[in-house]
Every structure is written in structure tokens, then in C-alpha cells.
Amino acid sequence: MNDAGSFANFPPIGFLIATKRVAEDENKVCFLYREEPMDAQDSGWRVFAGDESQAYLDNPENSGIYNPTVILTIDPSLRDLLLQPVGSAFEREDPTAEWKPAEGFAAGGGDEIGWQGIGGAWSLQISGIFERYEDEEGDHVFVTEGRTVRIAIWDFSDKEPAEVLAMHKEFIQNRDESEHPTVESFDLSEDGVARIGFIVLESDEAHTYKVLYGYTIIGREVAQGAYYFDNDTDREWALSTWNSVGVN
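Okay, so let's go over this structure. (Residues numbered from 1 in each chain as written. Predicted model: local features only at pLDDT ≥ 70, side-chain atom pairs only at ≥ 80, totals over all residues. Heavy atoms only, no water.)

## What to know about the packing of aromatic side chains
One pair of aromatic rings is described through two measures. These are the centre distance and the angle between the planes.
Here is step 1: Scanning all chains against the criterion turns up 9 aromatic pairs.
Here is step 2: A ring pair is formed by F31 and Y33, whose centres lie 6.0 Å apart and whose planes are at 45°; its orientation type is tilted.
Here is step 3: On the basis of an interplanar angle of 20° and a centroid distance of 5.9 Å, the ring pair of Y33 and F48 is categorised as stacked. In this pair, Y33 is assigned in strand β2 (residues 31–34) and F48 in strand β3 (residues 42–48), connecting sequence segments 15 residues apart.
Here is step 4: You can call F48 buried: its relative accessible area is 15%.
Here is step 5: Here a set of aromatic residues connected by ring pairs shows up, and it is made of F31, Y33 and F48. (Phe/Tyr/Trp six-rings, centres within 6.5 Å; stacked < 30°, edge-to-face > 60°. Helix = DSSP H or I, 4+ residues; strand = E, 2+ residues; numbered from the N terminus. Buried < 20%, exposed > 50% of the residue type's maximum accessible area, 1.4 Å probe, protein only.)

What follows is the structure, given as C-alpha cells:
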């Protein structure tokens, strides 16, 4: 039996709207979609048991705003689905069936690449298909299937710019290679922006993946990024996303 504590580390995606057939009657979910959020606190997810009549749905008292952990406790099968981007929609015939994309349903959203702020004057270019949130440490995280970006901005105001660059070069040169050897290393510095980094192979219980650790250094500030990708074909995506990080 699951409880809310089982999902304590679930990413803070924002609230969702569910019908009371799910949230109060505790029926499993058979249909959900994610539209453009109403505000910064809204995940955009709309969740249904699938047997609600139109008259039921037309009554606003039959739906409510809930923390995702409440709904996940009722239906843990939603855990991975709730991390999918705006525009996603899923359905199943009954609570024992497999989830599948909802055919012929358009929830809105887009995959255009655009600028997103990541703290202060820093920003990067990334596709709209990525789900975005801030973790407990304040890092900016962007997630979609097979790809993840995690970025933290550091201000070394007590050091000279040359010291900041030297410190990071020394770290890369002297890092412990025993667990995750370097696959590739990079120095893409130009026009007053230092970009130094490396790719390693990592794994967890589920799969093996690569990570580009890229440091973008401008003056005394550093954007420390980790660009995770499952497929080798996404190497250019990781490099391009890292190369877009800068101060506007």
C-alpha cells in the first residue's frame, strides 16, 4: 500500500486539477492531459477517472486542486506520466490496462526552442517540450524523455576572474577518473566566455547514459551544467544547449 511519504521526493511540478471521482472516491485514473499552466503554481495536468459524464464535469464543485502526491498515492502508475511535457495526453481502457497516448486529443503546448532564464542575467536556449522545475538546492532542472539538464549559478565574488577560471581548469584536470573516466573533453572558450567541460559515462539501476559536465565562466560567475542524454545521437544536442548558456 502506497502512502504520500512514498512520493516525498517527487519533483515539485505544481498542483494538478482532478475530479472528485479520483481524489475523493479514490478511483484509478484512466485519462489525463497536460495543457498550458494557468500560473507558476499550476502543472497543467487535468486528471479523470474516465467515467465522468459531461454534466458531472460541467459542475465545478466536482473537481479540485490537489498536490500530485495525493493523486499518486491513489494511482502510483502516474509517476512517470506526470513528468511528461505540456501537450501530453494519456488514456487506458480500464485500471488494469497499459497506458497509451490519447489518440486525436490535442492538449496544447509546443516544441519551439526559446530562451529561459536560469538566475540573474543568465539564460539558455531549450525546447518547450522540457518540463522545468527547481530542486531543493535551487538548481534549475529541465526534463524530457532521454534528456535532462541541471544548472546551478555560482558567484565567486571573492576571487579574481582569472582565479575562477584556473580553479575550474584545475578541477577538471585533476578530477578522480577511477569511477567515471572522461570520454571526451572540451574547451570551447571564445569572446570573453570560457567554456570548459567533459563527457563521462554513468549508470544507475535502470540504464547507462552519458553526461556532459559543462562550465560556462563569465567574469566571477559560473554556470555549472550537467547535460544528461541516453543516446549517443543526442551528443550534439548537449553541446548546443551548453553553448547557448550565457548572460543577456
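## A word on the sheet that holds strand β16 (residues 246–247)
Here is step 1: Taken in spatial order, the 3 strands of this open sheet run β7-β8-β16, and their pairing is antiparallel. With one partner strand each, in any of the chains shown, β7 (113–117) and β16 form the two edges of the open sheet.
Here is step 2: Pairing between strand β8 (residues 122–127) and β16: 2 bridges, direction antiparallel. Within β16, the residue paired with W122 across the bridge is V247.
Here is step 3: Against the sheet, helix α5 (residues 235–244) contacts β7, β8 and β16, and its axis sits at roughly 150° relative to β8. (Pairing = 2+ DSSP bridges. Contact = heavy atoms within 4.5 Å. Axes fitted to C-alpha atoms, helices over the stretch in contact; angles between N-to-C directions.)

## Comments concerning the nonpolar core
Here is step 1: Core analysis: the largest hydrophobic core is formed by 20 residues, its most contacted members being L16, V29, L32, I71, L78 and L82.
Here is step 2: Looking at this core, the elements with two or more residues in it are β1 (15–19), α1 (20–23), β3 and α3 (68–74).
Here is step 3: When residues no more than four places from it in sequence are discounted, the contact partners of V29 are V22, V47, F48, A49, I71, D75, L78, R92 and W99.
Here is step 4: W122, L124, F142 and Y227 belong to the second-largest nonpolar core, a separate cluster that totals 19 residues. (Core = buried A, V, L, I, M, F, W, Y, C linked by side-chain atoms within 4.5 Å.)

## A few points about the pairing of β7
Here is step 1: Note: β7 against β8, 5 bridges, orientation antiparallel. Considered in β8, the bridge of W115 is made with Q125.
Here is step 2: Where β7 hands over to β8, the hairpin turn is made up of 4 residues, of which G119 adopts a positive phi near 115°.

## Details of a negative patch on the surface
Here is step 1: Among the surface-exposed residues, E145, D204, E205 and D230 lie close enough to one another that they form a single negatively charged patch.
Here is step 2: When you line up the elements, D204 lands in the loop between β13 (194–203) and β14 (208–218).
Here is step 3: Overall, D204 belongs to the partly exposed group, its relative accessible area being 41%. (Patch = residues over 30% accessible without salt bridge, like charges linked within 9 Å, V, L, I, M, F, W, Y side chains within 5 Å. Areas by Shrake-Rupley, 256 points an atom, 1.4 Å probe, with all protein chains shown as cover. Salt bridge = Lys/Arg side-chain N within 4 Å of Asp/Glu carboxyl O. Lys, Arg positive; Asp, Glu negative; His and termini not counted. Charge placed at Lys NZ, Arg CZ, Asp CG, Glu CD.)

## Points about the environment of T96
Here is step 1: Note on placement: T96 falls in the loop between β5 (89–91) and β6 (100–101).
Here is step 2: Note: C-alpha distance between T96 and K28 (68 residues apart in sequence) is 9.4 Å.
Here is step 3: Within the structure, T96 has its side chain in polar contact with the side chain of D94 (distance 2.3 Å). (Polar contact = N/O pair within 3.5 Å; in protein donor to acceptor, adjacent residues only side chain to side chain.)

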